[in-house]
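Residue strings, one per chain:
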Amino acid sequence: MKVYGINSCGSVKKAKAFFDTHNIEYEFVDISKNPIDEEKLNYWQNFAEAKDMLNSRSKPYKDKKVKDMKLTPKKAAKLILDDSGIVKRPVIEHGLNGEQKFYIGFNEEDYIKTFLG
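In short, a report on the structure.

Reading the values: the criteria
Residues numbered from 1 in each chain as written. Predicted model: local features only at pLDDT ≥ 70, side-chain atom pairs only at ≥ 80, totals over all residues. Heavy atoms only, no water. Salt bridge = Lys/Arg side-chain N within 4 Å of Asp/Glu carboxyl O. Helix = DSSP H or I, 4+ residues; strand = E, 2+ residues; numbered from the N terminus. Buried < 20%, exposed > 50% of the residue type's maximum accessible area, 1.4 Å probe, protein only. Pairing = 2+ DSSP bridges. Core = buried A, V, L, I, M, F, W, Y, C linked by side-chain atoms within 4.5 Å. Contact = heavy atoms within 4.5 Å. Expected span 1.5 Å × (residues − 1). Arc of directions from axis to C-beta.

**Describing the pattern of salt bridges**
Two side chains carrying opposite charge are able to pair once their charged atoms lie near each other.
Okay, step 1: Within this structure, the stated rule accounts for four salt bridges.
Okay, step 2: Here Glu93 and Lys40 are joined by a salt bridge, their closest N and O atoms 2.8 Å apart. Taken together, the positions of Glu93 in strand β3 (residues 91-94) and Lys40 in helix α2 (residues 38-44) put the pair 53 residues apart, joining distant regions of the chain.
Okay, step 3: Among the residues examined, Lys40 registers a relative accessible area of 22% and is labelled partly exposed.

Shown next as structure tokens:
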């Protein structure tokens, strides 16, 4: 399982603490040091549209006034490729039950169902 995020992000801290508490192994990828590339984004878009990955509370989102844009899938993808900090966090790739799965954000109830259920 891979967890993508930024160490200073509160949701990422909660997710990592959840996995650590429940002894769930994961690889952490710091997207501030290893930005999301086109290949990774294309893979993620098999699970969610790029516009649904945008974090409306992020500084890049606010700075670029994304709220006022007419977002096409291509524009949303370009925003992510230009600045990975605009992505909702954490992004989790996991292969539970032999299937590739994808999860964005932190919700403890969902984590319990998804990762412990």
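**Some words on the pairing of β3**
Okay, step 1: Here β3 shows two buried faces, one formed by Val91 and Glu93 and the other by Ile92 and His94.
Okay, step 2: The pairing of strand β1 (residues 2-5) with β3 spans three bridges and is antiparallel. Its bridge partner being in β3, Lys2 is matched across the sheet by Glu93.
Okay, step 3: Pairing analysis gives four bridges linking β3 to strand β4 (residues 101-104), with the strands arranged antiparallel. Bridge pairing in β4 links Glu93 to Phe102.

**Quick notes on the nonpolar core**
Okay, step 1: Grouped together as the largest cluster of nonpolar side chains are 21 residues, with contacts concentrated most on Ile36, Trp44, Leu54, Ile80 and Ile86.
Okay, step 2: Listing elements by their share of this core, those giving two or more residues are α2 and α4 (73-82).
Okay, step 3: Setting aside residues up to four positions removed in sequence, Ile86 forms contacts with Met53, Leu54, Asn55, Ser58, Pro60, Tyr61, Val66, Leu79 and Ile80.

**A short note on helix α1 (residues 10-21)**
Okay, step 1: Look at α1: 16 Å from first C-alpha to last across twelve residues, which is about the 16 Å you get at 1.5 Å a residue.
Okay, step 2: Within α1, the full set of buried residues consists of Ser11, Val12, Ala15, Lys16, Phe18 and Phe19. Take α1 and look down its axis: the buried residues cluster within an arc of 155°, on one side only.
Okay, step 3: Against the buried residues of α1 lie β1, β2 (27-30), β3 and α5 (108-116).
Okay, step 4: Just beyond α1, the residue with positive phi is Asn23, at close to 50°.

**Notes on the side chain of His94**
Okay, step 1: Mapping His94 onto the fold places it in strand β3.
Okay, step 2: Classification of His94 as buried rests on a relative accessible area of 5%.
Okay, step 3: Look past the residues within four positions of His94 in its chain and what remains in contact with it is Met1, Glu99, Gln100, Lys101, Phe102, Thr114 and Phe115.

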